[in-house]
Amino acid sequence: MQWADRVGRRLKLRDLHILLAVVQHGSMARAAAELAVSQPAVSKAIADMEHALGLRLLDRGRNGVEPTAYGQALVARGRTIFDELKKGVEELAFLTDPTVGNLRIASTEGIAAGFLPAVIENFSREQPRVRLDVAQAVMNAQHYRDLRERSIDLLLGRIPTQFDEEDLDVDTVYDDPVVVVASRRSKWARLRRVVLAELTDDRWVLPPADTMAGILAAEWFRACNIELPRACITTLSIHLCCRLAATGQFVTTLPTSVLRTADLAQVFKVLPIKLPVQRRPVGIVTLKNRTLSPVAKLFIECAHRTAEQQVKRVKH
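Q: I'd love a proper account of the packing of aromatic side chains, names of residues and values included.
A: For any two aromatic rings, the description comes down to two numbers: the centre-to-centre distance and the angle of the planes. Taken as a whole, this structure holds 4 aromatic pairs when the rule is applied. Measuring from centroid to centroid gives 4.5 Å for Phe-115 and Tyr-174, while their planes differ by 45°, and the two rings are tilted. Of the two residues, Phe-115 sits in helix 7 (residues 115-126) while Tyr-174 sits in strand 6 (residues 168-175), which places them 59 residues apart along the sequence. Each member of the pair, Phe-115 as well as Tyr-174, carries the same accessibility label: buried. Judged by centre distance (5.5 Å) and plane angle (75°), the ring pair of Trp-204 and Phe-221 falls under edge-to-face. Linking Trp-204 in strand 8 (residues 204-206) with Phe-221 in helix 9 (residues 212-223), this pair joins segments that are 17 residues apart in sequence. Overall, the relative accessible area of 0% leaves Trp-204 in the buried class.

Q: Now, about helix 3 (residues 28-35): what can you tell me, with residues and values included?
A: All buried positions along helix 3 are accounted for by Met-28, Ala-31 and Ala-32. Angular distribution of buried residues about the axis of helix 3 spans 100°; they occupy a single face of the element. Away from its buried face by more than 90 degrees, helix 3 exposes Ala-33 and Glu-34. Buried residues belonging to helix 3 abut helix 2 (13-25), helix 4 (39-53) and strand 1 (58-61). Where helix 3 starts, the residue carrying a side-chain oxygen 3.2 Å from the main-chain nitrogen of Ala-29 turns out to be Ser-27.

Q: Can you explain the sheet that holds strand 5 (residues 154-158)? Please cite residues and give values.
A: Pairing between the strands of a sheet comes from backbone hydrogen bonds, and it takes one of two forms, parallel or antiparallel. Across the sheet, 5 strands lie side by side as 4-3-5-12-6; this open sheet has mixed pairing. Edge positions in the open sheet fall to strand 4 (129-137) and strand 6, since each of these has one partner strand only. Across this sheet, the average inter-strand angle for adjacent strands is 25°, counted without regard to direction. Direction of pairing for strand 5 relative to strand 12 (residues 281-287): antiparallel, over a ladder of 4 bridges. Paired with Leu-155 across the strands is Val-285, a residue of strand 12. Most of the contacts of helix 7 go to strand 4, to which it runs at about 170°, and overall it touches strand 3 (100-108), strand 4, strand 5 and strand 6.

Q: Go over a nonpolar patch on the surface with me, naming the residues and quoting the values.
A: A surface patch of nonpolar side chains, about 350 Å² in accessible area, is lined by Leu-13, Ile-81, Leu-85 and Val-89. By secondary structure assignment, the location of Leu-13 is in helix 2. A residue is classified by how much of its surface remains accessible, and Leu-13, at 45% relative accessible area, is partly exposed.

Q: How would you sum up the state of the cysteines? Please name residues and give values.
A: One pass over the full model with this rule turns up 0 disulfides. For Cys-241, which is in no disulfide, the shortest distance to another cysteine sulfur is to Cys-242 and amounts to 6.7 Å. Using a relative accessible area of 6% as the deciding quantity, one classes Cys-241 as buried.

Q: Could you give an account of the pairing of strand 2 (residues 64-67), with specific residues and numbers?
A: For strand 1 and strand 2, the ladder comprises 4 bridges, and the chain directions are antiparallel. Each bridged residue has a counterpart across the sheet, and for Asp-59 the counterpart in strand 2 is Glu-66. Turn length for the strand 1-strand 2 hairpin, with the two strands adjacent in sequence and antiparallel, is 2 residues.

The rules we used
Note on numbering: residues in each chain are counted from 1, in written sequence order. Only residues with pLDDT of at least 70 get local features here, since the model is predicted, and only at 80 or more are side-chain atom pairs given and counted; chain-wide, interface and lining totals rely on the full set of residues. Hydrogen atoms and water are omitted, and side-chain values are computed over all heavy atoms in the structure. Within 6.5 Å between ring centres, the rings of Phe, Tyr and Trp (the latter by its six-membered ring) count as paired, and their orientation is classed by plane angle as stacked under 30 degrees, edge-to-face over 60, tilted in between. Numbering of helices and strands starts at the N terminus; helices are DSSP runs of H or I of at least 4 residues and strands are runs of E of at least 2. Relative accessible area decides the class of each residue, using a 1.4 Å probe on protein chains only: under 20% of the type maximum gives buried, over 50% gives exposed, and in between gives partly exposed. To be clear, the arc concerns the directions from the helix axis to the C-beta atoms. Working rule for contacts: check all heavy atoms of both residues, and any pair within 4.5 Å makes them a contact. Each polar contact in these results corresponds to two N or O atoms within 3.5 Å; when the atoms are within protein, one needs to be able to donate a hydrogen and the other to accept it, and residues that are neighboring in sequence are counted only if both atoms are side-chain atoms. Strands are treated as partners if at least two bridges between them are detected by DSSP. Angular values range over 0 to 180 degrees, each being the angle between N-to-C directions of two axes fitted as lines to C-alpha atoms, with helices fitted over their stretch in contact. Within the patch definition used here, like charges are joined within 9 Å and nonpolar side chains (Val, Leu, Ile, Met, Phe, Trp, Tyr) within 5 Å, considering only residues with over 30% relative accessible area and no salt bridge. Surface accessibility in these figures is a Shrake-Rupley result with a 1.4 Å probe; residues are shielded only by whichever protein chains are displayed. Any carboxyl oxygen of Asp or Glu that lies within 4 Å of a side-chain nitrogen of Lys or Arg is treated as forming a salt bridge with it. Cysteine sulfurs are considered disulfide-paired once they come within 2.5 Å of each other.

The structure is reproduced here in C-alpha cells:
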C-alpha cells in the first residue's frame, strides 16, 4: 500500500473521527446525530476512506454496522491519534495557563475511602482550578480496558502481586496492609490478646471470594492453617463494612489507610492479631507509551508526597 500516493494525501482526520463515532454508536444515523452532520455526509466519509485504503472497514446489517478486522485495526489506532491530539491541546493550554486542566481518574473503593481524599485535598489546594473526574473501579480487566481505550487517564488501586499486563505501567505509591477490626463496643475490643482461630465462628463481613481482596483474605487464613470462615456478608463496599462492624455484631478487615481517618479511629479497634507478613502495594496504573498530561504528572507527584506525609505522621 503506497502511503504517500493512496493514503497520505487522501485520508482525512475528519473522516477518521466520523469512523470512530460510527463504530462507537453502531449506527451511521446515530453517529450523524451525535456529530450534527447529515447521514449522507457520514456515508460519504466512510466510502471515501474505504476507497482510499482499498479495504472494507464496516459490515452493514439489519442491526446496524460493525467494524471489520481492518476497521477494528484502524479504530484502535484512531483512538490513539485523537487521544494524543487531545493531550497535545491540553498541554498547550497548560503551558498558556498551568493552573487549569482536567484529569480522569478511576479508583477502587478502598482507596477512595482512605487515601484518595487526602491526595485530592492536597492537590486541590495546589491546583484549585483543575477539574478531577473520579470514577469507582474494581481492579480487573474491565478497568484495564478503560485505560487501553483511553477513557480514563490513570487507575489508582491495589496492585496484584503478579502484574502481567505488558502494555501498562505501574508506579507503586505505598504499601497498605489490611488489619482485622471490630467495634470498640465489641467483646473482642476488650481483650489484650486475640488469635485468628478464635474468630472463625464469629460473624464476618468479607470481600467476595472471586475478587482480589477476597483472594488476599483467603491467603491470610490459609497461611495460619485455618479454614476461611463463612461470611455472613460479602461485599466490596467499605462503607457497608464500616457500618456493619460499627454495630459491634460483626468483625471485618480494612486497609490501614482507611483507618487513618479520625472518625474511624474512634469507632474501631485494630485487633491484636498476629498475621502473616503481607505485602499490599497500592499504585497508579497508566498506559505504557501514552503521553501523560502535565496535570496527570502533577497529580502523581502529589500522590507520592501525600503517602510520604502519612507515613511520617504514623511514625510520630
